[in-house]
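# Observations on the three-dimensional arrangement
Spelled out from the first residue to the last, the chains are:
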Amino acid sequence: MGLDTTHDAFHGPYSAFNRFRKDIAKVWGGSYPPHNDPNLDDKYVYFPDFMDENSGMAIFMRHSDCDGEINAEDCLKVADELEELLPKLERYKDDNPFNSHSRAVQFIKGCRLAHKRKEILEFR
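In this report, we go over the structure that sits alongside the text. Note that this is a predicted model, so its numbers are computed, not measured.

What counts and how
- The residue count restarts for each chain, going from 1 along the sequence in the order it is written.
- Where totals are concerned, whole chains, interfaces and linings use all residues; where local detail is concerned, this predicted model gives features only for residues with pLDDT of at least 70, and gives and counts side-chain atom pairs only at 80 or more.
- To get the side-chain values, take all heavy atoms of the structure and skip hydrogens and water.
- Any Lys or Arg side-chain nitrogen located within 4 Å of an Asp or Glu carboxyl oxygen qualifies as a salt bridge.
- Elements are defined by DSSP. Helices are runs of H or I of four residues or more, strands are runs of E of two residues or more, and each kind is numbered from the N terminus.
- Side-chain atoms within 4.5 Å are what join buried Ala, Val, Leu, Ile, Met, Phe, Trp, Tyr and Cys residues into a set we call a nonpolar core.
- Exposure classes here rest on a 1.4 Å probe applied to the protein chains alone. A residue is buried below 20% of its type maximum, exposed above 50%, and partly exposed in between.
- Residues are treated as being in contact if the distance between any of their heavy atoms lies within 4.5 Å.
- Axis definition: a line fit to C-alpha positions, over the contact stretch in the case of helices; interaxial angles, taken between N-to-C directions, run 0 to 180 degrees.
- Small angles under 35 degrees read as roughly parallel and large ones over 145 as roughly antiparallel, with 65 to 115 read as roughly perpendicular and the rest as oblique.
- Residues are grouped as follows: nonpolar covers Ala, Val, Leu, Ile, Met, Phe, Trp, Tyr, Cys and Pro; charged covers Asp, Glu, Lys and Arg; every other residue, Gly included, is treated as polar.

## Section: the pattern of salt bridges
Overall, the coordinates contain six salt bridges when judged by the stated rule. Residue Lys 77 pairs with Asp 74 through a salt bridge whose shortest N-O separation is 3.5 Å. Separated by three residues within a single helix, Lys 77 and Asp 74 lie in helix α3 (residues 72-92), roughly one turn from each other. The residue Arg 112 makes a salt bridge to Asp 80 at a minimum N-O spacing of 2.8 Å.

Here it is, written out as structure tokens:
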């Protein structure tokens, strides 16, 4: 079992998607559970103080890892904001054999394709 999305945005185990979001949160300035800091509650995603509640990153971080959808307009927000993090992920990838940089590139492409086609990105 694992996560499959439409538009070839992500395919892999749920644990891989969790790790992907954990890495994104790290370079973004937030924290995704399970947290490295024992003072943070693993029931919550911690966002940087500057985050807009309706941002692409909020949509991405709060989304279920096993079902649901992201609408076409929100896909554009997610893609644009993930793309801004690519330089940081590029620098981080030497310390990260998981290679969240290439996973981010794939997720961005999937989101952009869904937006271009005016389709929803489905999580299955």
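## Considering the nonpolar core
In terms of nonpolar packing, the biggest core is built from 33 residues, with Ile 24, Phe 60, Met 61, Phe 107 and Leu 121 touching the most fellow members. Only α1 (14-28), α2 (56-62), α3, α4 (100-117) and β4 (121-123) provide two or more residues apiece to this core. The biggest single contributor to this core is α3, with eight residues. Residues within four places of Met 61 in sequence aside, it is in contact with Arg 21, Ile 24, Ala 25, Trp 28, Tyr 32, Val 45 and Phe 47.

## Examining unusual backbone geometry
A cis amide bond links Pro 33 to the next residue, Pro 34, at an omega of 0 degrees. Relative to the elements of secondary structure, Pro 34 occurs in the loop between α1 and α2. Backbone geometry at His 7 places phi at a positive 60 degrees, although glycine is not the residue there. In this structure His 7 comes out as buried when scored by relative accessible area, which is 15%. The backbone phi angle of Asp 8 is positive, close to 55 degrees, even though this residue is not glycine. Along the polypeptide, Asp 8 turns up in the loop between β1 (3-4) and β2 (11-12). In this structure Asp 8 comes out as partly exposed when scored by relative accessible area, which is 46%.

## Comments concerning the packing of α1 against α3
Between α1 and α3, the least distance of the axes is 9 Å, while the angle of their chain directions is 95 degrees. By the criterion of interaxial angle, the relationship of α1 to α3 is roughly perpendicular. Judged by residue contacts, Asp 23, Ile 24, Lys 26, Val 27 and Trp 28 of α1 engage Leu 82, Leu 85, Lys 88, Leu 89 and Tyr 92 from α3. Split into classes, the residues belonging to the contact of α1 with α3 amount to seven nonpolar, no polar and three charged.

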